[in-house]
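Here is how the chains run, residue by residue.
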Amino acid sequence: MFGAGGGTSSYREVEETDVVFLWGSNARETHPIFFHHVLKAVHRGARLFAVDPRRTASARWAKNWLGLRVGTDISLANALAREIIHAGLTNQRFVENATTGFEEFAASVEGCTLEVAAEETGIDPGAIADAARAYARADRAMICWTLGITEHHTSVDNVLALINLALLTGHVGRYGSGLNPLRGQNNVQGGGDMGAIPNRLPGFQDVLDPGVRGKFERAWGVALPPKHGWNLSQMFEAMERRELKALFVIGENPCQSEADRHRAEALLRGLDFLVVQDIFLTATSSLADVVLPATATWCEAEGTVTSSERRVQRVRKALDPPGEARDELWILAQIARRLGHDFGEPSAEEVWNEVRSLAPMFAGMSYARLEERFGLQWPCYDEQHPGEKFLHSRLWKEPVEGPRAPFSVVRYEPQIESPDAEFPLVLTTGRRLDSYNTGVQTASLPSPLRRGETLDISFADARRLGLSEGDRVRVSSRRGSVLAPAHLDPALQAGVVFMTPHFQDEVRVNALTIDAVDPKSGTAEFKACAVRVERAER
């Protein structure tokens, strides 16, 4: 956000804020530890708004549930912004001091009236106005989001629409006010921190910057190409063009996690060479030419992880890995040696110290300090620095320090695949509390909460289709069909059905989902595709 990619606020601040928006986030089930912090806020009187097409477990704790239609987030955000402006609740001093582009932005949302947004989102105009005023008037307020915002073909614009709201009201750069993407997997934040994104080097440093690139070239003894790499969606496009012929997959299961499984599997099979490094023999591993058994790094290796609040913490080895499994750092060093670049056999701490020497935002995070402080939040520039509890306080300096934060003009676009007579329902996907991603790490383990994969459907749609709880149904999209038992879910509105990716060996949900992607981020539109539901012949 405004540079480095991470949530602006600490978890403690969530407990002490006045208004929380969980936008496209069922944190009760998908981020249950974080949700405990939200509950502390609720119990002390904070107002919780849940923005979600489903009345989720999180929404049941909310003062207000804004049950918008799938994919209409920008329409809602722009209407909130217009209402704030027209109610005279803009933080004018902050806007003038710390932002750019306000006039153009304000003009762009002028047509986004409460009535227009109500028609597009399905939310009552009064509820939209109430939410806008509560957010703008709060002393402290936070917007938190997850895949319900980002797994759309307008992924980046969805996030920019939320940032606009924070800039409009000054709810960023202060204790208890911020913008917080909740990371969906352990150490997703750490992966971005270390440069596992196509346009950044470790510490979110721009690979196109000659000074930055030169620093890494001197340390690594190689020349770095001055261009951005491919994101995952672009990699699959390159496979189709036969520009990408070999792939090294580490801890990922794209065969079952990519939208449109038929295409993903065909392209993976068509590679000249596929290497998979993982702790389980996944569906992707079964297609590989070489499988490298790795360690479960959370208990079988040394290192660090970064949480959604930017807190870097130590990971300590507790167990020796089984069988032929090897530490992932050792595996990578061995491959490098065979490719002609000898890393030696560095320890995890030596690697981390190299990161600290090249990425200023981690410079003050020695292992000793991480141990002593039970983790530190980046940026942490030297060994006297306490780490930043919240980001962008510079925006409140007068005059502002560094570049101003820009407003963005973003416009509502409907989902790529709208319901029609042949496919009249919208399928949206997500996770459940007891399971994780494609089920590789959870599906084989017993859980008293687990009920297997179902097609979750509203009572109204079930009644219209003559379905009862447990009836076997065929769910079809323009890409394929799957069979699953029906589950009548009071959390769902008519016209929306829900499934998860947790049981791909039994129900291949990504045989249904569309591989339309956001052109700016490459994120697939997992949250919206058109489907038909029919009773299956027994």
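From a predicted model like this one, the values you see are computed outputs, not experimental measurements.

A few words on empty space enclosed by the protein. Left-over empty space is what a probe sized like a water molecule reveals as it rolls over the atoms. Considering all chains together, one arrives at 4 cavities of 30 Å³ or more under this definition. Gly-24, Asp-52, Gly-148, Thr-429 and Lys-527 are the residues nearest the centre of the largest cavity, which is lined by 25 residues in total. Elements with a minimum of two residues in the lining of the largest cavity: α9 (147–150) and β16 (425–429). Partitioning the lining of the largest cavity into residue classes produces 6 nonpolar, 13 polar and 6 charged.

If you trace the backbone, Asp-193 turns up in helix α11 (residues 188–193). Although buried, Asp-193 forms no salt bridge, and the nearest oppositely charged side chain, Arg-183, lies 6.9 Å from it. Residue contacts for Asp-193: discarding those within four places in its chain leaves Pro-202, Gly-203, Phe-204, Thr-306, Phe-362 and Trp-378.

Enumeration over the complete set of coordinates arrives at 11 aromatic pairs. For the pair Trp-352 and Phe-362, a centre-to-centre distance of 5.5 Å together with 55° between the ring planes defines the contact as tilted. Here Trp-352, found in helix α18 (residues 348–358), pairs with Phe-362, found in the loop between α18 and α19 (367–373); they are 10 residues apart in sequence, far enough to count as distant. Phe-362 carries the same exposure label as Trp-352, and that label is buried. Ring-pair connections join several aromatic residues into one group, and the members of that group are Phe-21, Trp-23, Phe-49 and Tyr-135. Lying over the aromatic face of Phe-498, Arg-54 brings its terminal NZ or CZ to 3.7 Å of the ring centre. Against the face of Trp-378 rests Arg-310, its NZ or CZ located 5.6 Å from the ring centre.

Our next topic: the packing of helix α4 (residues 73–86) against helix α8 (residues 125–137). In a pair of packed helices, the angle between the axes and the distance between the axes together describe the arrangement. Direction vectors running N to C along α4 and α8 enclose 65°, while the axes themselves pass 9 Å from each other. Along this stretch, α4 crosses α8, giving a crossing that reads as right-handed. Two secondary-structure elements touch here, α4 through Leu-76, Ala-79, Leu-80, Glu-83 and Ile-84 and α8 through Ile-128, Ala-129, Ala-131, Ala-132, Arg-133, Tyr-135 and Ala-136.

Within the secondary structure layout, Glu-13 lies in helix α1 (residues 11–15). Put simply, Glu-13 is tucked away with no salt bridge, and the nearest opposite charge, on Arg-310, sits 5.7 Å away. In this structure the side chain of Glu-13 is engaged in a polar contact, spanning 2.8 Å, whose partner is the backbone nitrogen of Gly-176. The contacts of Glu-13, once residues within four sequence positions are left out, are Met-142, Arg-174, Tyr-175, Gly-176, Ser-177, Lys-389 and Phe-390.

Evaluation of the coordinates by the stated rule reveals 34 salt bridges. Note that Arg-316 and Glu-371 form a salt bridge whose closest N and O atoms lie 2.9 Å from each other. One end of the pair, Arg-316, is in the loop between β13 (311–315) and α17 (328–338); the other, Glu-371, is in helix α19, and 55 residues separate them in sequence. Taking the shortest distance from any N to any O, the salt bridge between Glu-453 and Arg-432 comes out at 3.4 Å. Of the two residues, Glu-453 is situated in the loop between β16 and β17 (455–457) and Arg-432 in the loop between β16 and β17; the sequence distance between them amounts to 21 residues. Each member of the pair Glu-453 and Arg-432 is classed as buried.

Looking now at the pairing of β16. Judged by how many residues are buried, β16 sits mostly within the fold: 5 of 5 residues are covered. Residue alternation in β16 divides its side chains into two sets, Leu-425, Leu-427 and Thr-429 and Val-426 and Thr-428, and both sets are buried. As paired elements, β16 and strand β21 (residues 529–535) share 3 bridges and run antiparallel to each other. Within the sheet, the bridge partner assigned to Val-426 lies in β21 and is Ala-530. Relative to strand β20 (residues 496–499), β16 runs parallel, the two sharing 4 bridges. When the sheet's bridge partners are listed, Val-426 is paired in β20 with Val-496.

This next bit is on helix α15 (residues 261–269). For α15, every residue scored as buried is listed here: Arg-261, Ala-264, Glu-265, Leu-267 and Leu-268. Seen along its axis, α15 keeps its buried residues to an arc of 165°; they face one direction. Looking at the buried positions of α15, the neighbouring elements they touch are α13 (232–240), β9 (246–250) and α14 (254–257).

What follows concerns unusual backbone geometry. In this structure, Pro-379 follows Trp-378 across a cis peptide bond, with omega equal to 0°. Structurally, Pro-379 can be placed in the loop between β14 (376–377) and β15 (405–406). Residue Glu-398 is joined to Pro-399 through a cis peptide bond whose omega torsion reads 0°. Inspection of the secondary structure assignment puts Pro-399 in the loop between β14 and β15. If you check the backbone angles, Asp-260 has positive phi at about 60° while not being a glycine. Inspection of the secondary structure puts Asp-260 in the loop between α14 and α15. You will see that Arg-310, though not glycine, has its phi angle at about 70°, which is positive.

Two elements in contact, helix α7 (residues 114–121) and α8, have axes whose closest approach is 9 Å; the angle formed by their N-to-C orientations is 115°. Considering the angle they form, α7 stands roughly perpendicular to α8. Crossing of α7 over α8 shows right-handed handedness. Two secondary-structure elements touch here, α7 through Leu-114, Ala-117, Ala-118 and Thr-121 and α8 through Pro-125, Ile-128 and Ala-129.

About the thresholds
Numbering of residues starts from 1 in every chain and runs along the sequence as written. Selection of residues for local features in this predicted model requires a pLDDT of at least 70, selection of side-chain atom pairs for listing and counting requires 80 or more, and totals for whole chains, interfaces and linings are taken over all residues. Hydrogen atoms and water are omitted, and side-chain values are computed over all heavy atoms in the structure. For each structure, a 1 Å grid was placed over the protein atoms alone; sets of points admitting a 1.4 Å probe that cannot get out are labelled cavities, open sets with protein on both sides within 12 Å along at least five of seven lines are labelled pockets, and lining residues have an atom within 4 Å of a point. Grid points are joined across faces, edges and corners, and a volume is the space filled by probe spheres set on the points. A run of H or I in DSSP counts as a helix once it spans at least four residues, and a run of E counts as a strand once it spans at least two, with each numbered from the N terminus. Polarity classes work like this: nonpolar for Ala, Val, Leu, Ile, Met, Phe, Trp, Tyr, Cys and Pro, charged for Asp, Glu, Lys and Arg, and polar for all others, with Gly in that last group. Think of it in three bands: residues with accessible area under 20% of the maximum for their type are buried, residues over 50% are exposed, and the middle band is partly exposed, with areas taken using a 1.4 Å probe on protein chains only. Positive residues here are Lys and Arg, negative ones are Asp and Glu, while His and the chain termini are left out of the count. A pair is scored as a salt bridge if a Lys or Arg side-chain nitrogen falls within 4 Å of a carboxyl oxygen belonging to Asp or Glu. The contact criterion used is simple: two residues touch if any of their non-hydrogen atoms lie within 4.5 Å. In this scheme Phe, Tyr and Trp rings, the latter by its six-membered ring, pair at centre separations within 6.5 Å, and the angle between planes marks the pair as stacked below 30 degrees, edge-to-face above 60, and tilted otherwise. For a lysine, the NZ atom is tested; for an arginine, the CZ atom; a charge sits over a ring if that atom is within 6 Å of the ring centre and within 35 degrees of the ring normal. The axes used here are C-alpha line fits, helices contributing only the stretch in contact, and every angle between their N-to-C directions lies in the interval 0 to 180 degrees. Helix crossings fall into two classes, left-handed where the near helix is turned counterclockwise from the far one by less than a right angle and right-handed where it is turned clockwise. In protein, a polar contact means a hydrogen-donor-capable atom and an acceptor-capable atom, both N or O and within 3.5 Å, with residues adjacent in sequence counting only if both atoms are side-chain atoms; elsewhere, any N or O pair within 3.5 Å suffices. What makes two strands pair is DSSP finding at least two bridges between them. Our arc is simply the arc of the directions from the helix axis toward the C-beta atoms. Under this scheme an angle from 65 to 115 degrees is roughly perpendicular, one under 35 degrees roughly parallel, and one over 145 degrees roughly antiparallel; angles in between are oblique.

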